[in-house]
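Observations on the model geometry
What follows is each chain in one-letter form.
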Amino acid sequence: MNHLKTYMLLAGLTALFMAAGFMIGGATGMLVALVFAIGLNAFSYWNADKIVLKTYGAVEVDETHPDRRIRDYAIEVHAMADKAGLPRPRVCVMENDQPNAFATGRDPQHAAVAATTGLLAMLDRDEIAGVMAHELAHVKNRDTLTMTVTATIAGAISGLANFAFFFGGSRDEDRPGGMIGAIAIAILAPIAAMLVQMAISRSREYEADRVGAQIGGDPAALARALQKIEAYARGGAVNHEAERNPATAHMFIINPLNGSGADNLFSTHPATHNRVEALLALGVGQGTRARRVGTAVPVSTPRRTGPWS
């Protein structure tokens, strides 16, 4: 059912793209937009993961890396992938002080996971494993293609809506909507695309938390990590690449733009406290990483440790 909902929302994004094309050039513009949307989907399928990794300066690492923390991170990801029956993904690191992570790739055979240097410096090994288990869950659930395509189409809708504003209301009175229609599509299309994007993200994050807790074996560690990441994001660590590319915000484990905690239409992610409660409800610790967690971890002033402090 979740996948059906996701496909319907993606269809909605495509329809929005076609609507913007209609406002620019009528039926012909809508047809051109449809062809362009198909091309975007094809391009995203083959290349969007590479573009996202390049956008964030993600560098591939492995178990031979000279830095112990990065080496342990790569070893842990591959061990969990083996445990989950997944092909080993490319493991990448992004030079960024904000703790965060995402997964991308068109399928499990072509997947990549990426963590920021801030995440590797701030979290302990169990918490890092919890976060990366969540990202592997996205790979296992085949969310990565959907989330990457969504980012591409949502960004294109915003660009096309701006184009509609400047060129859709030309002197050609036969053009649908005229200037009023162009203004409407310029304002409403990006908002509608954002809402669809958020709905897709929220519907997949809870499931990735649940499956990630199974892969990592410690729901409590993931819960602690989510609390710490959000606290640091709220504390002012800016992800400049994400600010320049807001259409990719939903790909991260915690909103990289503002660390929003409100579980509403304007949140790219579910409320962190709701996610934590759901994780703790799965059971207190599992497997070799079990440790008791009763209340939220005090994280108002995160301590920076490790090689990037």
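Structure shown above.
Residues numbered from 1 in each chain as written. Predicted model: local features only at pLDDT ≥ 70, side-chain atom pairs only at ≥ 80, totals over all residues. Heavy atoms only, no water.

This paragraph deals with the nonpolar core. Of all hydrophobic cores here, the largest spans 43 residues; its most connected members are Tyr-73, Leu-119, Val-131 and Met-132. If you tally residues by element for this core, the top one is helix 4 (residues 125-140), at eight residues. Once residues within four sequence positions are removed from consideration, Leu-119 is found in contact with Gln-98, Pro-99, Asn-100, Ala-101, Ile-128, Val-131 and Ile-229. Among the nonpolar cores identified, the runner-up in size contains 13 residues, and Met-94, Ala-114, Met-147 and Ala-242 belong to it. (Core = buried A, V, L, I, M, F, W, Y, C linked by side-chain atoms within 4.5 Å. Buried < 20%, exposed > 50% of the residue type's maximum accessible area, 1.4 Å probe, protein only. Helix = DSSP H or I, 4+ residues; strand = E, 2+ residues; numbered from the N terminus. Contact = heavy atoms within 4.5 Å.)

As a further point, take helix 9 (residues 272-281). Given 3.6 residues to a turn, an α-helix orients residues that are three or four positions apart in the same direction. Of the residues making up helix 9, those classed as buried are Thr-272, Arg-275, Val-276 and Leu-279. Along the axis of helix 9, the buried positions cluster into a sector of 100 degrees, meaning they face one direction only. Exposed residues on helix 9 whose side chains face more than 90 degrees from its buried face are Glu-277 and Ala-281. (Arc of directions from axis to C-beta.)

Another aspect to go through is the side chain of Arg-69. For Arg-69, the position within the fold is in helix 2 (residues 68-83). An unpaired buried charge is present at Arg-69: no salt bridge exists, and Asp-67, the closest side chain of opposite charge, is 5.9 Å distant. Here the side chain of Arg-69 touches Leu-123 through a polar contact of 3.3 Å, landing on its backbone oxygen. (Lys, Arg positive; Asp, Glu negative; His and termini not counted. Salt bridge = Lys/Arg side-chain N within 4 Å of Asp/Glu carboxyl O. Polar contact = N/O pair within 3.5 Å; in protein donor to acceptor, adjacent residues only side chain to side chain.)

This paragraph deals with the pairing of strand 2 (residues 90-94). Burial analysis of strand 2 places four of its five residues in the buried class, the great majority of the element. One ladder, built from three bridges, connects strand 1 (residues 59-61) with strand 2; its direction is antiparallel. Following the sheet pairing, Val-61 is matched in strand 2 by Val-91. Where strand 2 meets strand 4 (residues 112-116), five bridges bridge the pair, whose relative direction is parallel. Among the inter-strand pairings, Met-94 is bridged to a residue of strand 4, identified as Thr-116. (Pairing = 2+ DSSP bridges.)

This part covers the packing of aromatic side chains. Two aromatic rings are characterised by how far apart their centres lie and by the angle between their planes. Scanning all chains against the criterion turns up three aromatic pairs. Here Tyr-56 and Phe-252 contribute two aromatic rings whose centre-to-centre distance is 5.2 Å and whose plane-to-plane angle is 75 degrees, an arrangement assigned as edge-to-face. In this pair, Tyr-56 is assigned in the loop between helix 1 (2-55) and strand 1 and Phe-252 in the loop between helix 8 (240-244) and helix 9, connecting sequence segments 196 residues apart. Phe-252 carries the same exposure label as Tyr-56, and that label is buried. Aromatic side chains Phe-102 and Phe-252 sit 5.1 Å apart centroid to centroid with 75 degrees between the ring planes, which places their arrangement in the edge-to-face category. (Phe/Tyr/Trp six-rings, centres within 6.5 Å; stacked < 30°, edge-to-face > 60°.)

Moving on to the pairing of strand 3 (residues 101-104). Where burial is concerned, the two faces of strand 3 agree: the one with Ala-101 and Ala-103 and the one with Phe-102 and Thr-104 are both buried. Sheet analysis places strand 3 next to strand 4, joined by four bridges and oriented antiparallel. Across the sheet, the residue bridging to Ala-103 is Val-113, located in strand 4.

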